[in-house]
Amino acid sequence: MLDWPLMKNNISRADLDAAIELLRQDDPALTQSVNVRAFEREWSEWLGVKHSVFVNSGSSANLVTMAALKELYGSGEVVVPTITWVSDIASVLHAGLEPVFVDIDPRTLGMDNKQVLQALTPRTRAVFLTHVLGYNALTPRLLEELKRRSVPLIEDACESHGATFQDRKLGTFGLASNFSFYYAHHLSTIEGGMVCTNDAGFYEMVRMFRSHGLVREMDSADRKREYAVGYEDLNPEFIFALPGFNVRGTEINAVIGRSQLKLLDDNIIVRTENLRLFLSFLDPAKYQTDFAVEGSSNYALTLILKKPGMGRCIRVMNLLKENGVEFRRGTAGGGNQTRQPYLRNYFAGPPYKKYPRADHVHFYGFYIGNYPALERSKIVKLCKLLNETT
Ligand SMILES: Cc1ncc(COP(=O)(O)O)c(C=O)c1O
């Protein structure tokens, strides 16, 4: 038995001690306060953006990002991936925007850039791209074309903390980017997420959406004054400018995040090395090994059968189960989103037939846990077992 869960020891003793230290204080502030502010500042500095807004999950980051996009850019379409997390599509639907799906590029598992460009219309309000499992999904052509056509890019980097493209961190290229700090991610705050942007207007809007749509949540004193003057009949403390949510994090989450940030770069190096080892030991005749690893920051090990075949797929799953290796079929988001019930009423006819590459991952792709404490000997042993599977 390899005893290999999806994640182990992601929140360390030091992180828990940091939370205990906070709780030891006399009457500590626990709701969003100075530690949330400090975490946002430190995260912005680590990532290389001007502004970050801490929220209670990556899905909440998606939710407020799409709400702000709709508010700023109006109704229309958003180009989205078929392999992603449910909230990347749900957030588009909740904002009243229309998702337009494209197939994946098998080497990055991200959106096929050519199909993205073909999907752009005058009604496109954004391209909402996911960097899957730590692989970069951007190309120079995509960035150039989106800039030329003034189409905002939103990056979901929930699975790709620290991954780079052209020596710049993913999550710094678009109008905004979203991160998840759920337990198995590169950095964890138990539950948590971040919206990051260099755009001051977008930032203020996301701050308001996070907290009931309240004007007082904005940083800008001028903007707050404008509202107070414009709505003299309202108490300036209670001006609800937007139909907002409450998706705030707490001081406890932020303290854990600040502590985790200290080890993030070291952890990324180990995770990335684990992926290189895994791919170098896998038999390329049986498994896909030609991923675009340059600049990647691995979230979980990618195991994708080279050729379709249900018999082999079942044998591989049995091998993983027999050896105590936890896995997820279809990779992180459960495979081809367009096959999911929540989207069935959205399309006329079975849409998933249009996305054969996403379907290959859906049926014959898996992710296996990767974490800093994972023993390298286990990776080598698993590859040997996988290679022997007929
Ligand atoms: C690509 C992607 N986006 C969004 C999310 C949602 O994050 P959360 O679980 O923090 O809501 C996840 C979750 O793992 C994810 O993998």
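Up top is the structure these notes are about.
Residues numbered from 1 in each chain as written. Predicted model: local features only at pLDDT ≥ 70, side-chain atom pairs only at ≥ 80, totals over all residues. Heavy atoms only, no water.

Draft legend 1. The arrangement of the overall build of the protein chain in detail. A tally of helices and strands in the protein chain yields 13 helices and 12 strands. Since a compact globule built from 390 residues should have a radius of gyration of about 21 Å, the 22 Å found for the protein chain is in line with a globular shape. Evaluated residue by residue, the protein chain yields a buried proportion of 56% over its 390 residues. In the protein chain, once contacts between residues fewer than 6 apart in sequence are set aside, the share between residues at least 24 apart is 73%. A total of about 16700 Å² of accessible surface is found on the protein chain, and carbon and sulfur atoms cover 53% of it. One way to put it: in the protein chain the 45 positive side-chain charges average out to a point 7 Å from where the 44 negative ones average out. (Helix = DSSP H or I, 4+ residues; strand = E, 2+ residues; numbered from the N terminus. Rg over C-alpha atoms; globule rule 2.2 N^0.38 Å. Buried < 20%, exposed > 50% of the residue type's maximum accessible area, 1.4 Å probe, protein only. Contact = heavy atoms within 4.5 Å. Areas by Shrake-Rupley, 256 points an atom, 1.4 Å probe, with all protein chains shown as cover. Lys, Arg positive; Asp, Glu negative; His and termini not counted. Charge placed at Lys NZ, Arg CZ, Asp CG, Glu CD.)

Draft legend 2. Representation of the site of the ligand. Neighbouring the ligand are 15 residues; Gly-58, Ser-59, Asp-156, Glu-159 and Ser-180 lie closest to it. At 3.2 Å, a side-chain N or O of Asp-88 approaches a nitrogen atom of the ligand. At 2.7 Å, a side-chain N or O of Ser-180 approaches an oxygen atom of the ligand. In isolation the ligand exposes 390 Å². Once the protein is present, 92% of that is buried. More than half of the atoms belonging to the ligand lie within 2 Å of the grid points that define the largest pocket. The dominant element in the shell around the ligand, judged by the number of residues it contributes, is helix H3 (residues 58-73), at three residues. Partitioning the shell around the ligand into residue classes produces three nonpolar, nine polar and three charged. (Near = heavy atom within 4 Å. Polar contact = N/O pair within 3.5 Å; in protein donor to acceptor, adjacent residues only side chain to side chain. 1 Å grid on protein atoms, 1.4 Å probe; cavity = no way out; pocket = protein on both sides within 12 Å on 5 of 7 lines; lining within 4 Å. Sits in = over half its atoms within 2 Å of the grid points. Nonpolar A, V, L, I, M, F, W, Y, C, P; charged D, E, K, R; others polar.)

Draft legend 3. The arrangement of unusual backbone geometry in detail. Phi at Asn-9 is positive, roughly 50 degrees, even though this residue is not glycine. Mapped onto the secondary structure, Asn-9 falls in the segment before helix H1 (13-24). A residue is classified by how much of its surface remains accessible, and Asn-9, at 58% relative accessible area, is exposed.

Draft legend 4. The arrangement of the layout of surface pockets in detail. By volume, the largest pocket is sized at about 460 Å³. Trp-85, Ser-180, Tyr-182, His-185 and Tyr-299 are the residues nearest the centre of the largest pocket, which is lined by 25 residues in total. Contributing elements (two or more residues each) for the lining of the largest pocket: H3 and helix H4 (86-94). For the lining of the largest pocket, the element with the most residues is H3, which contributes three residues. For the lining of the largest pocket, the per-class residue count stands at 10 nonpolar, 10 polar and five charged. (Points joined across faces, edges and corners; volume = space filled by probe spheres on them.)

Draft legend 5. View of the packing of H1 against helix H9 (residues 251-281). Contact geometry of H1 with H9 gives a least axis separation of 8 Å together with a crossing angle of 140 degrees. Taken together, H1 and H9 sit at an angle that is classed as oblique. The crossing of H1 and H9 is right-handed. Residue-level contacts link Ala-14, Asp-15, Ala-18, Ala-19, Leu-22 and Leu-23 of H1 to Glu-251, Ile-252, Val-255, Ile-256, Ser-259 and Gln-260 of H9. (Axes fitted to C-alpha atoms, helices over the stretch in contact; angles between N-to-C directions. Parallel < 35°, antiparallel > 145°, perpendicular 65-115°, else oblique. Left-handed = near helix turned anticlockwise from the far one by under 90°.)

Draft legend 6. Region of the structure containing the packing of H3 against H4. Contact geometry for H3 and H4: axes closest at 8 Å, N-to-C directions at 30 degrees. One finds that H3 runs roughly parallel with respect to H4. Here the hand of the crossing between H3 and H4 comes out right-handed. When H3 is examined against H4, the residues Ser-59, Asn-62, Leu-63 and Met-66 are found in contact with a partner set consisting of Ser-87, Asp-88, Ser-91, Val-92 and His-94.

Draft legend 7. View of the pattern of salt bridges. Scanning the model with the defined rule gives 20 salt bridges in all. In this structure, Glu-21 and Arg-24 form a salt bridge, with 3.6 Å as the shortest nitrogen-oxygen distance. With Glu-21 and Arg-24 both in helix H1 and three residues apart, this pair spans about one turn of that helix. Residue classification places Glu-21 among the partly exposed positions, given a relative accessible area of 49%. Each member of the salt-bridge network shares a partner with another, and the members are Arg-37, Glu-40, Arg-207, Arg-210 and Asp-219. (Salt bridge = Lys/Arg side-chain N within 4 Å of Asp/Glu carboxyl O.)

Draft legend 8. Just the sheet that holds strand S10 (residues 300-304), in detail. Taken in spatial order, the three strands make up an open sheet running S10-S12-S11, and their pairing is antiparallel. One side of each edge strand has no neighbouring strand; the edge strands of this open sheet are S10 and strand S11 (327-329). Each strand axis lies, on average, 25 degrees off the axis of its neighbour in the sheet, ignoring direction. Bridge analysis of S10 against strand S12 (residues 365-369) gives five bridges, and the strand direction is antiparallel. Following the sheet pairing, Ala-300 is matched in S12 by Gly-369. Those strands touched by H9 are S10 and S12, and its axis lies near 20 degrees from that of S10. Strand contacts of helix H12 (residues 356-364): S10, S11 and S12, with the helix running at about 55 degrees to S12, the strand carrying the most contacts. (Pairing = 2+ DSSP bridges.)

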